[in-house]
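# Tertiary structure, described
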Amino acid sequence: MNRRRAMVSTLTVSGFNQNSPASRWKKRHTISVRPLEYAGHIGQRTRRRSTRAEPSTSIGKRVLDTVAASAALLFFAPLWIAVAIAIKVTSPGPVLFHQYRYGYRNRSFKIYKFRSMRSDAGDAAGIKQTVQDDSRITAVGRILRKTSLDEIPQLLNVIKGDMSLVGPRPHVPGMLAANVPYEDLVPYYFQRHTARPGITGLAQVSGCRGSTVEPALAISRIEYDLDYIEKWSLRMDIMIIVKTVRREFLSGSGF
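Residues numbered from 1 in each chain as written. Predicted model: local features only at pLDDT ≥ 70, side-chain atom pairs only at ≥ 80, totals over all residues. Heavy atoms only, no water.

### What about the overall build of the protein?
The number of helices and strands found in the protein is 9 helices and 6 strands. A burial count over the protein gives 46% of its 255 residues as buried. Taking as baseline every contact in the protein between residues at least 6 positions apart, the subset at least 24 positions apart corresponds to 70%. Summed over all atoms, the accessible surface of the protein reaches about 12900 Å², with 61% contributed by carbon and sulfur. (Helix = DSSP H or I, 4+ residues; strand = E, 2+ residues; numbered from the N terminus. Buried < 20%, exposed > 50% of the residue type's maximum accessible area, 1.4 Å probe, protein only. Contact = heavy atoms within 4.5 Å. Areas by Shrake-Rupley, 256 points an atom, 1.4 Å probe, with all protein chains shown as cover.)

### A word on the packing of aromatic side chains
Tallied over the entire structure, the rule returns 5 aromatic pairs. The side chain of R196 reaches across the aromatic face of Y104, ending 5.3 Å from its centre. (Phe/Tyr/Trp six-rings, centres within 6.5 Å; stacked < 30°, edge-to-face > 60°. Lys NZ or Arg CZ within 6 Å of the ring centre and 35° of its normal.)

### Looking at helix α3 (residues 77-90)
Residue pairs spaced three or four apart in an α-helix point in one direction, given the helix's 3.6 residues per turn. For α3, spanning 14 residues, the distance from its first C-alpha to its last is 20 Å, which sits close to the expected 20 Å at 1.5 Å a residue. What α3 keeps buried is the set V83, A84 and I87. Along the long axis of α3, the arc covered by the buried residues comes to 105 degrees, so they all point the same way. Opposite the buried face of α3, by more than 90 degrees, sit the exposed residues P78, I81, I85, V89 and T90. Considering only its buried residues, α3 is in contact with β2 (108-114) and α4 (139-147). (Expected span 1.5 Å × (residues − 1). Arc of directions from axis to C-beta.)

### Focus: the pairing of strand β1 (residues 96-102)
In terms of strand pairing, β1 meets β2 through 7 bridges, oriented antiparallel. Counterpart to Y100 in the pairing with β2 is K110. Following β1, the chain reverses through 5 residues before pairing antiparallel with β2; R105 in that reversal takes a positive phi of roughly 55 degrees. (Pairing = 2+ DSSP bridges.)

### Comments concerning the environment of R118
Among the secondary structure elements, R118 is positioned in the loop between β2 and α4. Assessed through its relative accessible area of 38%, R118 is described here as partly exposed. Placed 27 residues apart in sequence, R118 and S91 show a C-alpha to C-alpha distance of 7.0 Å. Of the polar contacts made by the side chain of R118, one reaches the backbone oxygen of S135; its length is 2.9 Å. (Polar contact = N/O pair within 3.5 Å; in protein donor to acceptor, adjacent residues only side chain to side chain.)

### Thoughts on the pattern of salt bridges
The final tally for this structure, using the stated rule, is 6 salt bridges. The residue E151 makes a salt bridge to R169 at a minimum N-O spacing of 3.3 Å. Taken together, the residues E151 in the loop between α4 and α5 (154-160) and R169 in the loop between β3 (164-166) and β4 (176-177) connect sequence positions 18 residues apart. R169 matches E151 in its accessibility class, with the two residues each being buried. For K160, the salt bridge identified is with D162, shortest N-O distance 3.6 Å. One network of salt bridges, with partners in common, ties together K113, D150, E151 and R169. (Salt bridge = Lys/Arg side-chain N within 4 Å of Asp/Glu carboxyl O.)

### Observations regarding the nonpolar core
Taken as a class, soluble globular proteins show a tendency for nonpolar side chains to be buried jointly. L155, Y182, L185, V186 and Y228 are the most contacted members of the largest nonpolar core, which totals 43 residues. At 6 residues, the largest contribution of residues to this core is made by helix α8 (residues 215-231). (Core = buried A, V, L, I, M, F, W, Y, C linked by side-chain atoms within 4.5 Å.)

### A word on unusual backbone geometry
Within the chain, S148 stands out as a residue other than glycine whose phi angle is a positive 65 degrees. When you line up the elements, S148 lands in the loop between α4 and α5. Residue S148 is classed as buried on the basis of its relative accessible area of 7%. Of note, N179 is a non-glycine position whose phi angle comes to about 65 degrees, a positive value. Here N179 shows up in the loop between β4 and β5 (180-181).

### Some details on the side chain of D65
Tracing the backbone shows D65 in helix α2 (residues 59-75). One buried charge, D65, has no salt-bridge partner; the nearest side chain with opposite charge is R62, at 4.7 Å. Among the polar contacts made by the side chain of D65, one reaches the main-chain amide nitrogen of L165 at a distance of 3.1 Å. If we ignore the near neighbours within four places in the chain, the residues touching D65 are V158, M163, S164 and L165. (Lys, Arg positive; Asp, Glu negative; His and termini not counted.)

### Examining α2
Over its 17 residues, α2 runs 24 Å from end to end, which matches the ideal 24 Å to within 8%, given 1.5 Å per residue. K61, D65, A69, A72 and L73 are the residues of α2 that are buried. Buried residues along α2 cover an arc of 100 degrees about the axis, so they all sit on one side. Of the residues in α2, the exposed ones pointing more than 90 degrees away from the buried face are I59, V67, L74 and F75.

Laid out in structure tokens, this is it:
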């Protein structure tokens, strides 16, 4: 049998022109169901042989994460101090924002970011997503988010082992997509947690970031995550990191 996914059925949806995403998804007839090929085992999935290590068990990936994240922390130390001062001077509240997210094998962990929103308007649960020109974002926060510099504290998560430099982006439990829980929209959603979450990922450098209101984009995000897990290599990680620097830090595509 081909080592690729055993079955991929295409997404067929009716009612896309209706106003309510929830109602149009109630009318869906079929949705893609794709078994994920990986070396480990989770839930009711069948263990499959593999000639390579999966991302979460690779010693090389962990070494790359630890060395690169430690070096980056030292490199960004002066910037970290400058950003902390700017946040404290321009808006009341803590410098860092923390939130619980899904991690490896569905375990929750505390993620760190530079605070980019007003303390009285932030959503600790993370259910309400950030949108373009969001009024909750501070002046300094807008710059941090546009350049993705608000993600720098996640280097601490990488060193701790909660995250990787590259992997599926960690979501909050109960995250919505098309106004329904993500796992309702995408039945194979939790398969993305067979790898450690990343600061960046294949989905992000492929243009799938931001709002998950549009069903097709939300599903594409998960497809990219699973493609990454299936095709992972250290070379792929390095390429994604290089693309992230070009796309996020240099061009400033965040919001």
